[in-house]
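Each chain, letter by letter, is given below.
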Amino acid sequence: MSRLGLRAELLLRMGLPLAALVPFTVGTTWLDARSTADLVQDRTLTASARVIAERIESRDGVVDAPIPPAALEMFVGDVPDRVVYRVLDPDGDLVAGYPDGPMPDHRPKGHAPLHFDAVFQGRQVRAVALAQPIVDADGTSDGLVVVGSTLNNHDRLVSDLWLKALRDQVLLVAAACGLAAVGLTLGLARLTRLRERVAARDPDRPARLDDEDLPSEFRPLAVALDQAFARIEGDVAIQRRFVANAAHQLRTPLAILKTQASVGLGEDDVARKHDALRAVDRSVGAMSRLVNQLLSLARAERGAAVRKDTVDLVAILRGRLDDLAVLAVERGVDLAFETDLETLPFHGHATLLGEIAVNLVDNALRWTPPGGEVVVRLSRADAAVELVVEDTGPGVPAEARERVFERFHRLDRAGTDGTGLGLAIVREAVAAHGGAVTLQDRADGRSGLLAVVRLPFA
Ligand SMILES: Nc1ncnc2c1ncn2[C@@H]1O[C@H](COP(=O)(O)OP(=O)(O)OP(=O)(O)O)[C@@H](O)[C@H]1O
Ligand SMILES: [Mg+2]
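Residues numbered from 1 in each chain as written. Chains lettered and ligands numbered in written order. Predicted model: local features only at pLDDT ≥ 70, side-chain atom pairs only at ≥ 80, totals over all residues. Heavy atoms only, no water.

A.B. asks: Help me get a handle on the overall build of the chain, residues and values and all.
C.D. replies: Of the regular secondary structure elements, the chain holds eight helices and 14 strands. The C-alpha atoms of the chain give a radius of gyration of 52 Å, which is well past the 23 Å a tight globule of 458 residues would have. Dimensions of the chain, computed from the C-alpha atoms along their principal axes, are close to 170 × 50 × 35 Å. When the 458 residues of the chain are sorted by exposure, 36% land in the buried category. For the chain, contacts bridging at least 24 residues in sequence account for 62% of all contacts bridging at least 6. Summed over its atoms, the accessible surface of the chain is roughly 26,500 Å², and 57% of this surface lies on carbon and sulfur atoms. (Helix = DSSP H or I, 4+ residues; strand = E, 2+ residues; numbered from the N terminus. Rg over C-alpha atoms; globule rule 2.2 N^0.38 Å. Buried < 20%, exposed > 50% of the residue type's maximum accessible area, 1.4 Å probe, protein only. Contact = heavy atoms within 4.5 Å. Areas by Shrake-Rupley, 256 points an atom, 1.4 Å probe, with all protein chains shown as cover.)

What follows is the structure, given as structure tokens:
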């Protein structure tokens, strides 16, 4: 049914039960038609028998029964019927009519007509038997009049009555479906109006789709649409802000770079040219870090869509920490990796998983003063992997722990530089694996930050 239109489906759901009633009503209307036709035929038979009975008389002990034409003319109808009658005197002798005409299996009680079915010359007949008092010199005794008729007119009447009732019912069902179709069309037109409002929706001046005019059945749909639009528009706004920020972040170092290059070109002194070149080198380094972070973020943002394989988390971490060892030595910070695991198979994206560790450890190394220590721990916990990076730096105040995950958000601290994208990349990469990341205080009360990442096994 799902491929049908809503209107067709509703009509079907209404029309089918109605149609299912039809065989039932066909049966009952046929029974009604037959009992009406039975009644008509029985009354005609009784009337005919009475007309014959009234003419019976006994003269000098001889019973005479002239058959008046009116008694037989009653049966004239659309189709010819065979009428058969017989009149018996009180002794049971045939006075008039057919000797082999139908007879009831018992005499009628009193003078009430007795109706019965019989077979006459191989044909089904309906008949009536009527006792008629005959007066003669010896007193009064009952003769018997029997009139029968074939069923042609009776059957014709049944089918006429039945067809008429049936036609009325079919017309009724058709009219009900027609009216329902009109009603549904008018009702669904309100859905069309909702569609038009969705199509005409202006994202710059969004109007709520849900309003009082909508039928109550459509309002949950309108509410859901409003929510979906709000979510999408929120995402689009974030993307726009990101692109604007990224453009801004790139423009500033480019301008600085241009200035540094011009300064270097204008210098005649070799030592000063060297200074300018070193500055250019630093700027290019910073810019290349920015571009790499932007690319990492874009990759992490693809989220659940990234291709995942079974990878070894221990190997990935060891590889990335080796790269960072140089920075640790440079900063005079002790970097340690603690784990009981030889290998840790995990279903994920190797590069994104590496980005999580690199960005957290990079932060820890940058913010930890010389002589401090950074510890990375990897363990299994229930149905998840737990990665912890702990440092002895200044930490992040509790009220800033949400905001530092935002793109380009950096705490206002002198000293190190950075792009402000590291934690945003961590959050996206963790989300791409269905996990969660939190920043906490160290458990031992020392100053420093504890970053905890939990990644569930798929
Ligand atoms: N381990 C930490 N100790 C103290 N402060 C931290 C630590 N990690 C992050 N922060 C604060 O959070 C801010 C955001 O970190 P994030 O990694 O997102 O950006 P970044 O390190 O400044 O730049 P990037 O990592 O892109 O080079 C940092 O600027 C820093 O102020
Ligand atoms: Mg960082």
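A.B. asks: Any details on the site of ligand 1? Residues and values, ideally.
C.D. replies: Taken together, the neighbourhood of ligand 1 is formed by 20 residues, with Asp391, Arg410, Thr419, Gly420 and Leu423 sitting nearest. For ligand 1, an oxygen atom lies 2.8 Å from a polar atom in the side chain of Asn363. Within the contact set of ligand 1, a nitrogen atom lies 2.8 Å away from a side-chain nitrogen or oxygen of Asp391. Protein contact buries 99% of the 590 Å² of open area that ligand 1 shows by itself. (Near = heavy atom within 4 Å. Polar contact = N/O pair within 3.5 Å; in protein donor to acceptor, adjacent residues only side chain to side chain.)

A.B. asks: Which residues make up the nonpolar core, and what are the values?
C.D. replies: Core analysis: the largest hydrophobic core is formed by 44 residues, its most contacted members being Leu353, Ile356, Leu360, Leu365, Leu378, Leu387 and Val453. Mapped by element, the contributors of at least two residues to this core are α6 (313-331), α7 (350-367), β11 (373-381), β12 (384-390), α8 (422-432), β13 (436-441) and β14 (449-456). For this core, the element with the most residues is α7, which contributes nine residues. (Core = buried A, V, L, I, M, F, W, Y, C linked by side-chain atoms within 4.5 Å.)

A.B. asks: Lay out the pairing of strand β6 (residues 123-136) in plain terms, naming residues and giving numbers.
C.D. replies: Judged from the seven bridges that link them, strand β5 (residues 114-120) and β6 form a sheet pairing that is antiparallel. In the sheet register, Phe120 faces β6, and the bridge partner there is Arg123. Hairpin connection from β5 to β6: two residues lie between these consecutive antiparallel strands, with Gln121 at a positive phi of about 50°. Bridge count for β6 against strand β7 (residues 139-150) is 12 bridges, and the pairing is antiparallel. For Arg126, the partnering residue across the bridge sits in β7 and is Ser149. (Pairing = 2+ DSSP bridges.)

A.B. asks: Give me the lowdown on the domain arrangement of the chain, citing residues and values where you can.
C.D. replies: Along its sequence, the chain is carved into domain 1 (6-159), domain 2 (220-299) and domain 3 (304-456). On a C-alpha basis, the centroid separation for the pair domain 2 and domain 3 is 23 Å. Taken together, the contacts link 12 residues of domain 2 with 16 residues of domain 3. Summed over the three residues of domain 2 that lose the most area to domain 3, namely Gln293, Leu297 and Arg299, the buried surface amounts to 48% of that side. At the surface where domain 2 touches domain 3, the tally comes to two salt bridges. As a salt-bridge pair, Glu355 and Arg299 come within 3.5 Å of each other at their nearest N and O atoms. Inspection of the domain 2/domain 3 interface yields three residue pairs in polar contact (both at pLDDT 80 or more). Counting residues per element, the side of domain 2 that touches domain 3 draws most heavily on helix α5 (residues 270-301), at seven residues. (Domains from an automatic or database assignment. Buried area = accessible area lost by both parts, 1.4 Å probe. Salt bridge = Lys/Arg side-chain N within 4 Å of Asp/Glu carboxyl O.)

A.B. asks: Before we move on, could you go through the environment of Leu166 and cite the residues and values that matter?
C.D. replies: Mapped onto the secondary structure, Leu166 falls in helix α3 (residues 152-199). As for Leu166 and Val22, which are separated by 144 residues in sequence, their C-alpha atoms are 8.9 Å apart. Excluding residues that lie within four positions of it along the chain, Leu166 makes contacts with Val26 and Thr29.

A.B. asks: Please provide a residue-by-residue account of α6, values included.
C.D. replies: For an α-helix, the turn length of 3.6 residues means that residues three or four places apart are oriented alike. With 19 residues, α6 extends 26 Å from end C-alpha to end C-alpha; this agrees with the ideal 27 Å at 1.5 Å per step. The largest bend along α6 reaches roughly 35° and is located at Leu324. Those residues of α6 that sit buried are Leu313, Val314, Ile316, Leu317, Leu321, Leu324, Leu327 and Ala328. For α6, the N-terminal capping position is held by Asp312, with its side-chain oxygen 3.2 Å away from the main-chain nitrogen of Val314. Looking one or two residues beyond α6, the residue adopting positive phi is Gly332, at roughly 70°. (Expected span 1.5 Å × (residues − 1). Bend = angle between axes of the 7 residues up to and from the residue.)

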